[in-house]
Amino acid sequence: MLGGALVMTRAGGLLLGFAADRAFGDPRHFHPVAGFGSLAGVLERRWYADSRPRGAAYAAVLVGGAAVAGVLVERRCTGRDAVRLVATAVTTWTVLGGRSLEREATAVGALLGDGDLVGARSRVTHLVGRDPSALDAGEVSRAVVESVAENTADAVVAPLVWGAAAGVPGLLAYRAANTLDAMVGHLTERHEHFGWASARLDDVLNLPASRLTGLLTMAAKPGSASAAWRAWRRDARAHPSPNAGIPEAAFAGALGVCLGGTNVYGDHTEHGTEPRAEHRAPLGDGRRVTPADIARATRLALRVDVLAVVVAAGLATLLGRRGGHRS
């Protein structure tokens, strides 16, 4: 009975939640992730210290609290398979970001297609943290393709993997860790020490998903699989992130483009601060990215997403059956 319940609720819930994300995107009102981010912001202001131990405690409380909340949800659903199925589906829907990622990328592509570079520069800030003020159409397009590749792993593949492995607790804990990384994990003077634990935790949790994303990218575009593999094996290690380089390099190889280059972060018009430039090694050996590649990247991402949910459902089924045999 235990195995059968896990098979139905985890695998079915992941599939239903994925379908809801594709149909509706992120919830437009009262988004739980936004609520978690607000809570995390309040706690950061109260607990902040330029200290790794303080930052580790901050991450442990928030991510651990999310996991405990997931455990309590599943316990309340014990013996009620239909309720557990719905809970898993709703949680999956709220933590996935594939449809919203596609919408933002498509919106930037449409603005570039209309010749509205100013509007595209403004809209691309919804996807990346770099300063867009000096970006031309090609550099805006590169930023979008890199974001689509990285966030396909972070916002779709990774939560599905952790949902398959650990159900609602895995979904919530992963999303909490990923949100904290976005909030305090960036290497800034304020968060260099306080955000260290959040950044490292996110790195660890994304290790399996980033590699799976590379493999699924090859499977999603088999005609370019060798180019994706070559870019992954040759170039990904030069990326400053232990995870983001893999999906970005694989996408670059699969699409026949070259990603990487100089990214400028920060706005020198605010508080008189100087922008920070990051010089990243090339990923892939194709041509420069153009606005037309944005649509190609989103189509590739959708294929990867579909493969990912199929793999996650299969993993949940396998784990559920093994759990049933043990019980």
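Residues numbered from 1 in each chain as written. Predicted model: local features only at pLDDT ≥ 70, side-chain atom pairs only at ≥ 80, totals over all residues. Heavy atoms only, no water.

Structural notes on the overall build of the protein
Right, on to step 1. Along the protein, the regular secondary structure elements total 12 helices and 2 strands.
Right, on to step 2. Along the protein, helices and strands appear, N-terminal first, in the series α-α-α-α-α-α-α-α-α-α-α-β-β-α.
Right, on to step 3. The C-alpha radius of gyration of the protein comes to 20 Å, within 12% of the 20 Å expected for a compact globule of 327 residues.
Right, on to step 4. Taking the principal axes of its C-alpha atoms as reference, the protein extends roughly 60 × 50 × 35 Å.
Right, on to step 5. Relative to its full complement of 327 residues, the protein shows a buried share of 51%. (Helix = DSSP H or I, 4+ residues; strand = E, 2+ residues; numbered from the N terminus. Rg over C-alpha atoms; globule rule 2.2 N^0.38 Å. Buried < 20%, exposed > 50% of the residue type's maximum accessible area, 1.4 Å probe, protein only.)

Some points on helix α9 (residues 196-220)
Right, on to step 1. The terminal C-alpha atoms of α9, which comprises 25 residues, lie 34 Å apart, in line with the 36 Å expected from a rise of 1.5 Å per residue.
Right, on to step 2. Most pronounced at N206, the bend in α9 amounts to some 45 degrees, and the proline P208 follows within four residues. (Expected span 1.5 Å × (residues − 1). Bend = angle between axes of the 7 residues up to and from the residue.)

Quick word on the pattern of salt bridges
Right, on to step 1. Inspection of the entire model under this criterion finds 15 salt bridges.
Right, on to step 2. We note a salt bridge from R22 to E102, for which the minimum N-O separation is 3.0 Å. Residue R22 is located in helix α1 (residues 2-24), and its partner E102 is located in helix α5 (residues 98-113); the two are separated by 80 residues in the primary sequence.
Right, on to step 3. A salt bridge links R288 to D136, with the nearest nitrogen and oxygen atoms 2.8 Å apart. Within this pair, whereas R288 is found in the loop between β2 (276-283) and α12 (292-326), its partner D136 is found in the loop between α6 (117-124) and α7 (137-184), the two being separated by 152 residues in sequence. (Salt bridge = Lys/Arg side-chain N within 4 Å of Asp/Glu carboxyl O.)

So, helix α10 (residues 225-235)
Right, on to step 1. Where α10 is concerned, the buried positions are A225, A227, A228, A231, W232 and D235. Along α10, the residues classed as buried sweep out an arc of 165 degrees about the axis, all on the same side.
Right, on to step 2. Its buried side turned inward, α10 meets α9, α11 (245-255) and β2. (Arc of directions from axis to C-beta. Contact = heavy atoms within 4.5 Å.)

Overview of a nonpolar patch on the surface
Right, on to step 1. Side chains of L302, V306 and V310 sit close together on the surface and give an oily, nonpolar patch of about 220 Å² of accessible area.
Right, on to step 2. According to the relative accessible area criterion, V306 is partly exposed, its value standing at 38%. (Patch = residues over 30% accessible without salt bridge, like charges linked within 9 Å, V, L, I, M, F, W, Y side chains within 5 Å. Areas by Shrake-Rupley, 256 points an atom, 1.4 Å probe, with all protein chains shown as cover.)

Topic: the packing of α10 against α11
Right, on to step 1. For the pair α10 and α11, interaxial distance at closest approach is 7 Å and the crossing angle is 145 degrees. α10 and α11 meet at a crossing whose hand is right-handed. Across from A227, A228, A231 and W232 in α10, the residues of α11 making contact are I246, A249, A250, G253 and A254.
Right, on to step 2. In terms of residue class, the contact of α10 with α11 is made up of 8 nonpolar, 1 polar and no charged. (Axes fitted to C-alpha atoms, helices over the stretch in contact; angles between N-to-C directions. Left-handed = near helix turned anticlockwise from the far one by under 90°. Nonpolar A, V, L, I, M, F, W, Y, C, P; charged D, E, K, R; others polar.)

So, the environment of G167
Right, on to step 1. Tracing the backbone shows G167 in helix α7.
Right, on to step 2. Aside from chain neighbours lying at most four places away, what touches G167 is R10, E74 and W162.

Here we look at the nonpolar core
Inside soluble globular proteins, nonpolar side chains tend to come together where they are buried.
Right, on to step 1. The biggest cluster of nonpolar side chains holds 74 residues, and the ones touching the most others in it are Y58, V144, V148, L160, L180 and F251.
Right, on to step 2. Looking at this core element by element, the count peaks at 19 residues for α7. (Core = buried A, V, L, I, M, F, W, Y, C linked by side-chain atoms within 4.5 Å.)

Section: the packing of aromatic side chains
Right, on to step 1. Per the stated rule, a full pass over the model turns up 4 aromatic pairs.
Right, on to step 2. Consider the rings of F24 and W93, whose centres lie 6.2 Å apart with planes at 65 degrees: the pair is edge-to-face. Placement of the pair is F24 in helix α1 and W93 in helix α4 (residues 81-95), with a sequence separation of 69 residues.
Right, on to step 3. Geometrically, the ring pair formed by Y48 and F194 is tilted, given 5.2 Å between the ring centres and 55 degrees between the ring planes. With Y48 in the loop between α2 (32-47) and α3 (52-76) and F194 in helix α8 (residues 191-194), this pair connects stretches of sequence that are 146 residues apart.
Right, on to step 4. For F194, a relative accessible area of 0% gives the class buried.
Right, on to step 5. Members of the aromatic cluster, each reached through a chain of ring pairs, are Y48, Y58 and F194.
Right, on to step 6. Over the ring of Y48 we find R190, and its NZ or CZ is 3.8 Å from the ring centre. (Phe/Tyr/Trp six-rings, centres within 6.5 Å; stacked < 30°, edge-to-face > 60°. Lys NZ or Arg CZ within 6 Å of the ring centre and 35° of its normal.)

A closer look at the side chain of H191
Right, on to step 1. With respect to the secondary-structure elements, H191 resides in helix α8.
Right, on to step 2. By relative accessible area, H191 is classed as buried at 12%.

Here's the deal with the packing of α5 against α7
Right, on to step 1. One way to put it is that α5 packs onto α7 with a least axis distance of 10 Å and a crossing angle of 175 degrees. Here α5 lies roughly antiparallel to α7, going by the angle between them. Two secondary-structure elements touch here, α5 through G98, L101, A105, V108 and L112 and α7 through A137, V140, S141, V144, S147, V148, N151, T152, A155 and V156.
Right, on to step 2. Of the residues belonging to the contact of α5 with α7, the class tally is 10 nonpolar, 5 polar and no charged. (Parallel < 35°, antiparallel > 145°, perpendicular 65-115°, else oblique.)

Describing the side chain of E44
Right, on to step 1. Summarising the element assignment, E44 is placed in helix α2.
Right, on to step 2. On the basis of relative accessible area, E44 is assigned to the buried category, the value being 10%.
Right, on to step 3. Only 2.7 Å separates the side chain of E44 from the side chain of H191, close enough to count as a polar contact.
Right, on to step 4. When neighbours within four sequence positions are excluded, E44 is seen to be in contact with Y58, V184, R190, H191 and F194. (Polar contact = N/O pair within 3.5 Å; in protein donor to acceptor, adjacent residues only side chain to side chain.)

Everything listed is a geometric property; what it means functionally is a separate question.
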